[in-house]
Each structure stands twice: as structure tokens, then as C-alpha cells.
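Here is how the chains run, residue by residue.
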Amino acid sequence: MEEIYAKFVSQKISKTRWRPVPAGSLQTAETFATGSWDNEENRVSLWSIGDFGNLDSDGGFEGDHQLLCDIKHHGDVMDLQFFDQERIVAASSTGSVTLFLHHPNNQTLSVGQQWTAAHYHTSPGSPSCRSAPCTGVVCSNPEIVTVGEDGRINLFRADHKEAVRTIDNADSSTLHAVTFLRTPEILTVNSIGQLKIWDFRQQGNEPSQILSLTGDRVPLHCVDRHPNQQHVVATGGQDGMLSIWDVRQGTMPVSLLKAHEAEMWEVHFHPSNPDHLFTCSEDGSLWHWDASTDAPEKSSLFHEGGRSSIFLFHSISNQANVHQSVISSWLSTDPAKGRIEITSLLPNRTLSVNSLDVLGPCLVCGTDAEAIYVTRQLFS
């Protein structure tokens, strides 16, 4: 892999996202958005990756990411998603959800739409409400789904001022993240180790399916769905473990993979090369997991500056009844295929790596060390 380039931006970065490339275009990723947290004034910013520059004084490679524009954001940015090429949705610790509009002609950002009290706590017997952080957002134009610390799920449309649908008491615990399984179905993860599937075609307030980690109810912080096989889901949680689930089978994960030493904040399948998966953690690490079956037989080694260590792969269920050709490499229990190569992408441990995103050959991540790291040659 090419060097990974750092740029120090004087704000703690909570979220990083590539702007999607137009469908069918041959462009590579060029623009990404960031959100900040725990700063006196938080911002949503748009950057261009530009040309990569020179060695800095520490011997690292200085990135030449150019700030295109930014806008003040009220509260910490808890999640950030591109709605389309020009619009970005931000989730706030104040409970609000904001749709920002990018104006490329004069390189500015403006507020296009805002749902101010999307998430809030109510006290029994009291008319007063207090805001609850909006913890996660997912977009599938024209729809936006949000989840929060209040256990509420909202379905918004970009052109509607009010929520199209709200499930008020979807969860008695904090919802930490949300993703689409299929367009009418979403999947949420919560603070007691549960995955819940919700179908917006159903009128009730009950999930259509519940899966959970057995034993300790370890909070789950992040979730991503396999881009080609919608039944395959990856989650990460407070114990740093990576869990792979098959939502068609059983109520437990198919595989538990020993991973980071602290909370896993984000997990992402590569959108066009999903045998590759990426995770980041509070422990300051950023990992690339390679489960591709076309690679030479791997010895399940962890690479970090040439040092290797044995890696735990623990499979829970038997997939023998599923036709082999359609099994995702992440569900395979064949020992030869159950070997996964992990590469640490950051040159040295830093403060928490809060967020990452991958698109084509490009990766971006943001840290509490007030740095944004970018590489443009993931697979070289």
C-alpha cells in the first residue's frame, strides 16, 4: 500500500465520508466531508484530496488535502452521510438532524433543511423534554432514517418538514447505529448487544427480527451490510470484537473475530470489493481485513511493520446447507478459507480513530489527534 498521508486540522474529527462518485463514471474519489466533536465550535467541512506532498519534519508524508468550505455545526457531529452529490446529512448531539447543501460555484455550504427536535427524552408525568443525541443516520434518496439515544427511529424525506414515520419506543436502550438492509427494511444496533430488523411496510412498533450476542450484553457501536449479499452484516462493539452475522440464520453471530483492544467505532465493507473490510478503534488503530479467497493461502497473520501475530477466527454455526458458490467469504467455515489477513494501516498508534470511509482505491479516516489520514492506493 502507498504511504498514508496525514493532515493536522486543529479539530477533533468525529466523522469522515467520501462524496459518492456518479454512477457509471470512471472518476476516483476526490472530495470528502468531515464533522468535528468536542471543540469550542464544531464544523462540517468539505475537502479536496489534491496532490500529495512532501515529507514533514517527523518523516511522515504531509497530505495536501485542501479545505473547500465549511460551516458551523451546533453540537458534536455524531454521524455524517452524503444524501447525494450536493447534500450532506449531519446528526447532532443536540438531537437535531441537518441537511447541508454544497454550492460548488462559490464553494459554500448552507442549511437546506433542519429537523431540530428529532430526538429527545421525555420525563414521565412532566410535559418538558430534553434533547437526546441523534447517534446515527442512513440515507437512501429520498429517505433519511435517524436513530438516537432516546431509542427512537425517525423516517424523514428531504422535502418534508415533519417526520414521515416515527417509532417512538423502538428501543428501551440507546440505539447506536443504523443501516438499510433493503429499502423498506433497516437494521439497528443497540447498547445491550442486540441487532433489530425493522420493516417500514409494517404498521406496528415491533421489530420483525431480533438477533443478539449471547452472554455479556456488550454494547454494539457500529454496523455495516455487505454490499452484494444483504443478509451478511458486520458489527463492532465496546469489546473491540468484530462479529459477522447471517440474518437468514439463527439469532447469533456466525463468526466472532478477536480484533481491537478497545471500542470499535466503525466497520465498513469495501463497497465494490467486499472481501475487504475496514475497522477503526478507540485504541488508535485502523485495520484492513482481507478475506479474499483468490489470494494465496493465508496463514491468518497480522502485519504491522513486518511483525506478525496469530489471529483468532472462531466460527459458531455450520453453513453446510447453503450452496458453497453463494457463500460470502465472511461466512465460510472452511478452515482454508477461514484465514484472514489483517494489515494495520496507520504508521503508529495515535489517539482514538473515530471514523473511516473507503471508496475505490481511496481511504480516509479522522482522529482525536486532530488529524485526517488519506491514502489513494489501498490495493497496490
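In this text the structure is predicted, and so the values were computed from the model without any measurement.

Caption draft 1: Broad picture of the environment of Asp283. Checked against the element boundaries, Asp283 lands in the loop between β25 (276–281) and β26 (286–290). For Asp283, a relative accessible area of 12% gives the class buried. For the pair formed by Asp283 and Ser352, sequence separation is 69 residues and the distance between their alpha carbons is 5.7 Å. Excluding anything up to four places from it in sequence, Asp283 contacts His260, Glu261, Ala262, Arg349 and Thr350.

Caption draft 2: Local environment of the side chain of His270. Its location among the elements puts His270 in the loop between β24 (264–269) and β25. Judged by its relative accessible area of 1%, His270 is buried. Within the local environment of His270, its side chain forms a polar contact with the backbone nitrogen of Asn273, the two atoms lying 3.1 Å apart. Once residues within four sequence positions are removed from consideration, His270 is found in contact with Pro227, His276, Phe278, Val358, Leu359, Gly360, Leu378 and Phe379.

Caption draft 3: Here's a closer look at the pairing of β26. In terms of burial, β26 is largely enclosed, as 5 of its 5 residues are buried. Here β26 shows two buried faces, one formed by Leu286, His288 and Asp290 and the other by Trp287 and Trp289. Alignment of β25 against β26, held across 5 bridges, turns out to be antiparallel. In the strand pairing of β26, His276 is matched with Asp290. Counting the residues in the hairpin turn of β25 and β26 gives 4 residues, including Gly284, whose phi is positive at 90°. Inspection of the sheet shows β26 paired to strand β29 (residues 341–344) by 4 bridges, in the antiparallel sense.

Caption draft 4: Just the nonpolar core, in detail. Ala234, Leu242, Ile244, Val267, Leu277, Trp289 and Trp330 are the most contacted members of the largest nonpolar core, which has 19 residues in total. Elements with a contribution of two residues or more to this core: β21 (232–237), β22 (242–246), β24 and β26. Among the elements that take part in this core, β24 stands out by supplying 3 residues, more than any other. Discounting chain neighbours no more than four positions away, the residues touching Ala234 are Cys222, Val223, Asp224, Leu242, Ser243, Ile244, Val267, Phe269 and Leu277.

Caption draft 5: Representation of the packing of aromatic side chains. Throughout the structure, instances matching the rule amount to 5 aromatic pairs. For the pair Trp115 and Phe156, a centre-to-centre distance of 4.6 Å together with 25° between the ring planes defines the contact as stacked. Placement of the pair is Trp115 in strand β9 (residues 108–115) and Phe156 in strand β14 (residues 153–157), with a sequence separation of 41 residues. Between Trp287 and Trp289, the aromatic rings sit 5.8 Å apart at their centres with planes inclined by 55°, giving tilted as the arrangement. Of the residues examined, Trp287 reaches a relative accessible area of 8% and is grouped as buried.

Caption draft 6: Highlighting the sheet that holds strand β19 (residues 209–212). The strand order across the open sheet formed by 4 strands is β16-β17-β18-β19, and the pairing between neighbours is antiparallel. Of all the strands in the sheet, the pair left with one neighbour each is β16 (175–182) and β19. Going across the sheet, the axis of each strand differs from the next one's by a mean of 20°, ignoring polarity. Here β16 runs beside strand β17 (residues 185–190); their pairing, made up of 6 bridges, is antiparallel. Paired with Ala177 across the two strands is Val189, which belongs to β17.

Caption draft 7: Expanded view of the sheet that holds strand β32 (residues 371–375). Strands sit in the order β1-β32-β31-β30 across an open sheet of 4 strands; the sheet is antiparallel. Of all the strands in the sheet, the pair left with one neighbour each is β1 (5–8) and β30 (353–359). This sheet shows a mean twist of 15° between the axes of neighbouring strands, independent of strand direction. Relative to β32, β1 is paired through 4 bridges, and the arrangement is antiparallel. Each residue of the ladder has a partner; that of Tyr5, found in β32, is Val374.

Rules used throughout
Residues numbered from 1 in each chain as written. Predicted model: local features only at pLDDT ≥ 70, side-chain atom pairs only at ≥ 80, totals over all residues. Heavy atoms only, no water. Helix = DSSP H or I, 4+ residues; strand = E, 2+ residues; numbered from the N terminus. Buried < 20%, exposed > 50% of the residue type's maximum accessible area, 1.4 Å probe, protein only. Contact = heavy atoms within 4.5 Å. Polar contact = N/O pair within 3.5 Å; in protein donor to acceptor, adjacent residues only side chain to side chain. Pairing = 2+ DSSP bridges. Core = buried A, V, L, I, M, F, W, Y, C linked by side-chain atoms within 4.5 Å. Phe/Tyr/Trp six-rings, centres within 6.5 Å; stacked < 30°, edge-to-face > 60°. Axes fitted to C-alpha atoms, helices over the stretch in contact; angles between N-to-C directions.

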